[in-house]
Amino acid sequence: MLALVGGVGFAIFLVQSRWVELAFYPLAVILQVTPIVAISPLILIYAPSTQVALLICAFLVAFSRSFRTWCRTEERRPQSDQPL
């Protein structure tokens with residue numbers, strides 16, 4: 001539950017601030033296209049305990065899902081600054 005709230009909260013924060021979006025967008029795309037199975041061994045090595053590693057993996061999955069949903073809605077939203 002903590003990972004879900006953290007991931008969705010971070011995704012909302014990313015959407016609300018243009019500066020934060022520009023700063024973290026490349027990292028978000030890299031995390032989105034990299035399978036969690038490839039990242040999890042590194043997280044297990046560097047995390048202080050297995051519980052923390054699982055929490056980080058769950059956070060990444062929740063953030064990836066909410067970020068992917070935001071990208072889909074952003075594509076459908078009409079851009080007001082572009083001429084028709």
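Figured I'd write up the structure that's included with this text. What you are looking at is a predicted structure, and each value in this text was computed from that prediction instead of being measured.

Focus: the overall build of the chain
Helix and strand counts for the chain stand at four helices and zero strands. Helices (α) and strands (β) of the chain occur, in sequence order from the N terminus, as α-α-α-α. When contacts within the chain are restricted to residue pairs at least 6 apart in sequence, long-range pairs at least 24 apart make up 66% of them. Total accessible area computed for the chain in this model is approximately 6300 Å², and 69% of it derives from carbon and sulfur atoms.

Some points on a nonpolar patch on the surface
A cluster of nonpolar side chains, Met1, Leu4, Val5, Val8 and Ile12, forms an exposed patch at the surface whose accessible area comes to about 510 Å². Assignment of secondary structure puts Leu4 in helix H1 (residues 2-16). Assessed through its relative accessible area of 46%, Leu4 is described here as partly exposed.

Details of helix H2 (residues 18-33)
If you check H2, its first and last C-alpha atoms are 22 Å apart, about what 16 residues at 1.5 Å a residue would give, namely 22 Å. In H2, a bend of some 45° at Phe24 exceeds every other bend along the element, and Pro26, a proline, comes one to four places later. Restricting attention to buried positions, one finds in H2 the residues Val20, Glu21 and Ala28.

Notes on the nonpolar core
What tends to happen in soluble globular proteins is that the nonpolar side chains get buried as a cluster. If you look at the biggest cluster of nonpolar residues, it comprises six residues: Ile39, Ile43, Ala47, Ala53, Cys57 and Leu60. Looking at this core, the elements with two or more residues in it are helix H3 (36-46) and helix H4 (50-76). Broken down by element, this core gets its largest block of residues, three residues, from H4. Here Leu60 is in contact with Leu31, Ile36, Ile39 and Ile43, once residues within four sequence places are set aside. Of all hydrophobic cores here, the second largest spans five residues; its members include Ala11, Leu14, Val20 and Ala28.

Section: the environment of Ala62
Tracing the backbone shows Ala62 in helix H4. On a C-alpha basis, the gap between Ala62 and Val5 in space is 8.3 Å, while along the polypeptide they are 57 residues apart.

The rules we used
- Residues numbered from 1 in each chain as written.
- Predicted model: local features only at pLDDT ≥ 70, side-chain atom pairs only at ≥ 80, totals over all residues.
- Heavy atoms only, no water.
- Helix = DSSP H or I, 4+ residues; strand = E, 2+ residues; numbered from the N terminus.
- Contact = heavy atoms within 4.5 Å.
- Areas by Shrake-Rupley, 256 points an atom, 1.4 Å probe, with all protein chains shown as cover.
- Patch = residues over 30% accessible without salt bridge, like charges linked within 9 Å, V, L, I, M, F, W, Y side chains within 5 Å.
- Salt bridge = Lys/Arg side-chain N within 4 Å of Asp/Glu carboxyl O.
- Buried < 20%, exposed > 50% of the residue type's maximum accessible area, 1.4 Å probe, protein only.
- Expected span 1.5 Å × (residues − 1).
- Bend = angle between axes of the 7 residues up to and from the residue.
- Core = buried A, V, L, I, M, F, W, Y, C linked by side-chain atoms within 4.5 Å.

Everything listed here is a matter of coordinates, which is why it stays silent on function.
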